[in-house]
Every structure is written in structure tokens, then in C-alpha cells.
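Survey of secondary and tertiary structure
Given next are the chains, with one letter for each unit.
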Amino acid sequence: MSDTLPPQPLLDDDALDRLDDFLASERVGEDALDLISSHGYLVALAVAPRELDPAVWIGELFQGEPAFADDAERDEIFGLLEALKANAIAALDQGLLPELPFELTLGGLAPEETPIGDWCAGFMEAVFLDEPAWFDDDEESAAALLLPFMALSGLFDDEPDMAEMVDPTRLEGLVQQLPELVLDLYLNYRVPPEKPKPSPRKKARGGRGKR
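Residues numbered from 1 in each chain as written. Predicted model: local features only at pLDDT ≥ 70, side-chain atom pairs only at ≥ 80, totals over all residues. Heavy atoms only, no water.

Some thoughts on unusual backbone geometry
- In this structure, Q63 is a non-glycine residue whose phi angle is positive, near 50 degrees.
- Mapped onto the elements, Q63 comes out in the loop between α3 (54–62) and α4 (71–93).
- Using a relative accessible area of 44% as the deciding quantity, one classes Q63 as partly exposed. (Helix = DSSP H or I, 4+ residues; strand = E, 2+ residues; numbered from the N terminus. Buried < 20%, exposed > 50% of the residue type's maximum accessible area, 1.4 Å probe, protein only.)

Here's what the structure looks like:
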């Protein structure tokens, strides 16, 4: 399905603009995630092996309570965040690719100098929230699936294992595959493998004698 249908927007343009305006405002602390980082963060929460209490992931996203104008605005902003996450789950559950809020190219820049790096850093922030859930069942497989996000985030550039990943040509290829890589992670964590169907029992042959 993902080969024929375009990537699915997770919020419409007006909703993204509203969220962007709020996250970029002075009513949000300096350490809070911006729109691009929040998008990656929420997509990772959609993929994550287990649900987290909203109070935990919202608190981490904002790094403190924003100065909401009133309860209505608080409900609106939290509703937009929840909707982005829920829409990501719905799209991925249908095997659709998520639309990411940037062009899928580095343009010759290092990932950390682009929205791509910010998005992947936000994605990894969600992984850090609950690392045991991501890694405990199969650490090797999880590390392989998450390696592209780690490489593009710029957060692990000092790690020896990243040396072979920082080739610009290889990084460019990873960027172009990001939506597919998100879907691969979702299928790995959220969709259990199909159990083999039991073989039908052979019918016992009747012992009819000849007449």
C-alpha cells in the first residue's frame, strides 16, 4: 500500500501552524521541544513498544508547565499533540508511510544542521524515556533498527560505531528511507508476527468392508 499511496499527513497545515506558533512562543520554556523535534518525538511514541502515561511524555516534551492562557488553550494544545500521535498510529497500522515535515534531503549539510537532525533527535528523546521497552527483548535487532535515527540525530557522533555511518552518501540514503524505516519499526514493535496456522487433522479412514 505504501508503494502506491502518498505519505500521510499526521496533522493538517492549520493544526501544524497552530502548534508551531505555540511551541515557538515565549510561554514555552527554552528547553521544550520545537515543532520539528516534537513531531519526531510523537512519531516515536506511536511506534514505541508500550504506552507511556501522557503526564510523563508531555512533561518531557515541555520540560515544565507552559504558561497557557486558560484551560481551553491547554486542552487545545494537548489535543493536537495527542492527535498527531494517534494519527501516526492509525496510518502505520494501515501500512501507510507518515509524511515528515521537511524535504527528504540533506542538501550537502550535516544532519544536525537541518530539520532532519532535529526530528531524529526528538525521535530519540522518546526512546530515551523508556529504553528497556525498546531494547530488552532483542537488543541487537533494536539497535540495528534504530541506528539510522541515531546516526541522523547527531547525538551519537562521538560513538565509534557511528564512524561508518557518517559518510554523506550513506546518510543521504538513510534520509530518503526515513518514512519506510519508521514503518519497519512500527511493524517490529507493534504488530506481532503471525502464528503459523495449525495443520488440518487428517480424517481417520473408516473401516468399511466390501459387500
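Concerning helix α7 (residues 139–153)
- In this model α7 runs 20 Å from its N-terminal to its C-terminal C-alpha over 15 residues, within 8% of the 21 Å that 1.5 Å per residue would give.
- The largest bend in α7 comes to about 45 degrees, at L146, with the proline P148 one to four residues further on.
- Regarding α7, the residues found buried are A142, L146, P148, F149, M150, A151, L152 and S153.
- For α7, the elements touching its buried residues are α5 (115–129), α6 (131–135), α8 (168–176) and α9 (178–190). (Expected span 1.5 Å × (residues − 1). Bend = angle between axes of the 7 residues up to and from the residue. Contact = heavy atoms within 4.5 Å.)

Here's the deal with the packing of helix α2 (residues 35–47) against α5
- Relative orientation of the contacting elements α2 and α5 amounts to 40 degrees, with a least axis distance of 7 Å. Looking at the two axes, α2 sits oblique to α5. Between α2 and α5 the crossing geometry is right-handed. Residues I36, S37, H39, G40, Y41, V43, A44 and L45 of α2 pack against P115, D118, W119, G122, F123, E125, A126 and L129 of α5.
- Partitioned by chemical class, the residues of the contact of α2 with α5 number 10 nonpolar, 4 polar and 2 charged. (Axes fitted to C-alpha atoms, helices over the stretch in contact; angles between N-to-C directions. Parallel < 35°, antiparallel > 145°, perpendicular 65-115°, else oblique. Left-handed = near helix turned anticlockwise from the far one by under 90°. Nonpolar A, V, L, I, M, F, W, Y, C, P; charged D, E, K, R; others polar.)

Focus on the confidence of the model for the chain
- On average, residues of the chain carry a pLDDT of 88, and 87% of them reach 70 or more.
- Per-element confidence in the chain is highest for α2, whose mean pLDDT is 98, and lowest for α8, whose mean pLDDT is 90.
- Confidence over residues 195–211 falls short of pLDDT 50; this stretch has 0 contacts with residues more than four positions distant or in other chains. (pLDDT = per-residue confidence, 0-100.)

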